[in-house]
Amino acid sequence: RARAREIDLLTFQCREIDDVCVESASEENDLERVEDLLSDAEAHRSAGQGAFESLAGDDVPGAADLVAGALSLVDGRSPYDEIVVRRRSLLAELREAAVDIRRVAESCDVDPERLAEVVERRRRLRDLRRKYGDSLGDVLSYRDEIGRRLSELESWAERVAVLEAERGVSVDVERRVSADVAAARREAAGRCAAAITARLPSLALDHAHLE
């Protein structure tokens, strides 16, 4: 009964963990970043658009335009040659940063359905950690452990059959050896009794006899 109860418990736990289908030990951290993106997507997009406008806006001059204008004022004038050469890389970096920011901002989509899915997924992962480990890595390790234990319990009948077969072989060996020992004892008994009887008179047992 104890074995049956343990099998039921471990089967339930294995199924509960497997149903969640944990992708990796880092899945929860990955989902946290996704939830942060989705839950504040509008603000992320707005901030990115503002930063892009500040760097390379279409309506008003951005930082890149201002730097380009400043460099053009001194470009070709020998006292500023070294400064212009060094600062052209700054201008390129500003324009590259503007492109990157705009790309990220445009990827910040408002998606309530996806957000709800991520929130629910994180809840299920937290439930697993609450029951089976401090981290998802611990949960996965526990799943491996109880899987091995469950296999042992479920293969109990087969293990019993193996042990019974081994026991039968051992019993046969013991019986054969016992028979050999008994035969040796019977064969030696007469000589042993005669030798002891011969010594008994020295113990003041003149009329004693051993069979």
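Presented here is an overview of the structure given in this document. (Residues numbered from 1 in each chain as written. Predicted model: local features only at pLDDT ≥ 70, side-chain atom pairs only at ≥ 80, totals over all residues. Heavy atoms only, no water.)

## A word on the side chain of R122
For step 1, the next point in the chain: By secondary structure assignment, the location of R122 is in helix α6 (residues 112-132).
For step 2, the next point in the chain: Here E35 takes part through its side chain, which lies 2.7 Å from a polar atom of the side chain of R122. (Helix = DSSP H or I, 4+ residues; strand = E, 2+ residues; numbered from the N terminus. Polar contact = N/O pair within 3.5 Å; in protein donor to acceptor, adjacent residues only side chain to side chain.)

## Examining helix α3 (residues 41-56)
For step 1, the next point in the chain: Over its 16 residues, α3 runs 22 Å from end to end, which matches the ideal 22 Å to within 8%, given 1.5 Å per residue.
For step 2, the next point in the chain: Turning to α3, its buried residues are A41, G48, F52, L55 and A56. Projected down its long axis, α3 shows its buried positions confined to an angular sector of 70°, all on one face. Facing away from the buried surface of α3 by more than 90 degrees, the exposed residues are E42 and A47. (Expected span 1.5 Å × (residues − 1). Buried < 20%, exposed > 50% of the residue type's maximum accessible area, 1.4 Å probe, protein only. Arc of directions from axis to C-beta.)

## What about the packing of helix α1 (residues 2-20) against α6?
Two packed helices can be described by the angle between their axes and the distance between those axes.
For step 1, the next point in the chain: Axis separation between α1 and α6 bottoms out at 10 Å; the angle between their running directions is 150°. By the criterion of interaxial angle, the relationship of α1 to α6 is roughly antiparallel. Handedness of the crossing formed by α1 with α6: left-handed. Together, Q13, E16, I17, D19 and V20 of α1 and R121, R124, L125, L128, K131 and Y132 of α6 make up the contact between the two elements.
For step 2, the next point in the chain: A per-class count over the contact of α1 with α6 returns five nonpolar, one polar and five charged. (Axes fitted to C-alpha atoms, helices over the stretch in contact; angles between N-to-C directions. Parallel < 35°, antiparallel > 145°, perpendicular 65-115°, else oblique. Left-handed = near helix turned anticlockwise from the far one by under 90°. Contact = heavy atoms within 4.5 Å. Nonpolar A, V, L, I, M, F, W, Y, C, P; charged D, E, K, R; others polar.)

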